[in-house]
Amino acid sequence: MKTDLLITNICLPGNQGEDPLVADCCIAVGEDMIQQIGPATDFKNIEAAAVLDGRNQLAMPGLINTHCHGAMTLFRGLADDLELVRWLNDYIFPAEAANVSEDMVYWCTKLAAAEMIMSGTTTVADGYFFEHDAARAFADAGMRAVAAQGVIDFPAPGVPDPADNIIAAEEFINHWQNQNPLITPAVFAHSPYTCSNATLQRAKKLARDTNVSLFIHVAESKAEPDMIGNMQGTSPVKHLDALGILDPATVCVHCVWTDEEDLDILAARGAKAVVCPQSHLKLASGISPLASMLAKGIQVGLGTDGAASNNGLDMFREMDICAKVQKIKSLDPVAVPAADIMQAATVGGAEVIGMQGKTGALKAGMQADIILINLDTPHLQPMHGIDLLVYAADGRDVQTVLINGKLIMLERKLLSFDLPETMQHVRRLADTIKRHG
Ligand SMILES: [Zn+2]
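Below you will find a few notes about this structure.

Parameters and conventions
Residues numbered from 1 in each chain as written. Predicted model: local features only at pLDDT ≥ 70, side-chain atom pairs only at ≥ 80, totals over all residues. Heavy atoms only, no water. Donors = N, O, S within 2.8 Å, 3.2 Å for Na, K, Ca; no water. Tetrahedral: all angles 85-135°; square planar, octahedral: opposite > 155°, others 65-115°. Helix = DSSP H or I, 4+ residues; strand = E, 2+ residues; numbered from the N terminus. Buried < 20%, exposed > 50% of the residue type's maximum accessible area, 1.4 Å probe, protein only. 1 Å grid on protein atoms, 1.4 Å probe; cavity = no way out; pocket = protein on both sides within 12 Å on 5 of 7 lines; lining within 4 Å. Points joined across faces, edges and corners; volume = space filled by probe spheres on them. Pairing = 2+ DSSP bridges. Axes fitted to C-alpha atoms, helices over the stretch in contact; angles between N-to-C directions. Contact = heavy atoms within 4.5 Å. Polar contact = N/O pair within 3.5 Å; in protein donor to acceptor, adjacent residues only side chain to side chain. Lys, Arg positive; Asp, Glu negative; His and termini not counted. Salt bridge = Lys/Arg side-chain N within 4 Å of Asp/Glu carboxyl O. Nonpolar A, V, L, I, M, F, W, Y, C, P; charged D, E, K, R; others polar.

Bringing the coordination of the zinc ion into the picture now. Taken together, the protein ligands of the zinc ion are His67 (NE2), His69 (NE2), His217 (NE2) and Asp305 (OD), with distances of 2.1 to 2.4 Å. For the zinc ion, the four donor atoms in the first shell make angles of 84 to 172 degrees at the metal, so the coordination geometry reads as irregular. The sequence motif formed by the donor residues of the zinc ion is H-x1-H-x147-H-x87-D. With histidine 217 in strand β10 (residues 214-218) and aspartate 305 in the loop between β13 (300-302) and α11 (315-330), this residue pair connects regions lying 88 residues apart in the sequence. Comparing histidine 217 with aspartate 305 shows no difference in burial state: the two are buried.

Okay, here's the thing in structure tokens:
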């Protein structure tokens, strides 16, 4: 068999109940796909154009960050220690109104891509304004992304008249659909309290007509159910259901303030959910009912949200915190085991964003989105079980990253673009904020 890249001497995660690691394995990557994966003894007559020695490393699927606003890296640390409504109204919305431009979105999203790639995330679901420039940044960084154009009923960056918000989303989808193998377009309706009923229905109709996902923030803060209750006389989830927009291609982000009835509706409609535990903790929004979501069979992904409310984009840290807050919420150490968290960050996350069968697992025939973790380090020794990756690993343990079959990072060196140049642009943009702030 001819292959473009053969990864040798690599460890793979073992099946449950067996040894945690299977040593001495190989992965053959041809073009953008995993051609073959398994014990080295099964690899015979391989003609490889390049060989990568994976000694002392573990291969796992690249992580999937199912909710992020990459460009918000510019606002990292700009306004900490504030509750959500004040944080948004007094700091983030004014900072966005003054600073968000095509240039800002491109460079700050590229910085986010670097941070995510360097901590093992190979696919992200991103939503923002000027999303065209975010999509360009991800494509140039060599990162897989579902890029969702923001829709909101206020004047927004790039869409000064809200009457044009659906048209802008439609143009975005038309431009990016089948344009680049790394980029999948989508629609991102900001929330039930910033979008009218008509806007929500038009956004969902556009998503249905063009066969893309609709993302929406739902029930993030305690204030939201009260707000929607006053405006619509029902809960945020029931409101969206009454509008007919919950289906398997709708991704409800946060779902912190949801009750059993809301979760039953999400499960019945096949709608997806995303939890962003560190952002929920930092803004004191609450803790998502993840255990109930999983028990009801809702497909849940894990997200970092934007860097302004986290303040990092490392999915390993997100997995660790997610598992632990679920245990303290229920005062039950058995709640939401590490394997469920890992599932949400990989194969489950792929399903949430409509990429099942494409990424999120290491199997022949899947896209080659692979990360290699350095095991030759004190905090990952000894490895009694693969759960250690959730509870002890962090993004800096990721040595090498392949996305869509391409080497994007090798031994912690980013190969796909000039990171110092990107950081220089972000510092230039950050200086402007200080001057005008
Ligand atoms: Zn968000």
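What the largest pocket holds in volume is close to 920 Å³. Lining the largest pocket we find 36 residues, and of these Pro13, Gly14, Asn15, Met342 and Ile386 sit closest to its centre. Where the lining of the largest pocket is concerned, the elements lending two or more residues are β1 (2-13), β3 (33-39), β5 (57-61), α12 (338-345) and α14 (388-391). Of all the elements, α12 adds the most residues to the lining of the largest pocket, at four residues.

As a further point, take the sheet that holds strand β11 (residues 250-254). Taken in spatial order, the eight strands of this open sheet run β6-β7-β8-β9-β10-β11-β12-β13, and their pairing is parallel. Each edge of the sheet is formed by a strand with only one pairing partner; in this case those strands are β6 (63-68) and β13. The sheet shows a mean angle of 25 degrees between the axes of neighbouring strands, direction not considered. Pairing between strand β7 (residues 121-128) and strand β8 (residues 144-151): six bridges, direction parallel. Opposite threonine 123, over in β8, you have arginine 144 as the bridge partner. Against the sheet, α12 contacts β6 and β13, and its axis sits at roughly 85 degrees relative to β13.

Assignment of secondary structure puts threonine 73 in the loop between β6 and α1 (84-99). Polar contacts involving the side chain of threonine 73 include one to the main-chain carbonyl oxygen of cysteine 108, which spans 2.8 Å. Excluding its chain neighbours within four sequence positions, the residues that come into contact with threonine 73 are Cys108, Leu111, Ala112, Glu115, Ala307 and Leu313.

The subject of this paragraph is the side chain of lysine 272. Checked against the element boundaries, lysine 272 lands in strand β12 (residues 272-275). With no salt bridge to any partner, buried lysine 272 finds its closest opposite charge in glutamate 351, at an N-O distance of 5.2 Å. A polar contact of 2.8 Å, which involves the side chain of lysine 272, links it to the backbone oxygen of proline 248.

Now for empty space enclosed by the protein. Counting across every chain of the model gives three cavities of 30 Å³ or more. His69, Met72, Leu88, His190 and His217 are the residues nearest the centre of the largest cavity, which is lined by 21 residues in total. Residue assignment for the lining of the largest cavity shows that the elements contributing at least two residues are α1 and β7. Broken down by element, the lining of the largest cavity gets its largest block of residues, six residues, from α1. Its residues assigned to classes, the lining of the largest cavity comprises ten nonpolar, seven polar and four charged.

The next thing to look at is the pattern of salt bridges. Here the structure, examined in full by the defined rule, presents 16 salt bridges. For arginine 86, the salt bridge is made with aspartate 90, and the minimal N-O distance between the two is 3.3 Å. Taken together, the positions of arginine 86 and aspartate 90, both in helix α1 and four residues apart, correspond to about one turn of that helix. We classify arginine 86 as partly exposed; its relative accessible area is 42%.

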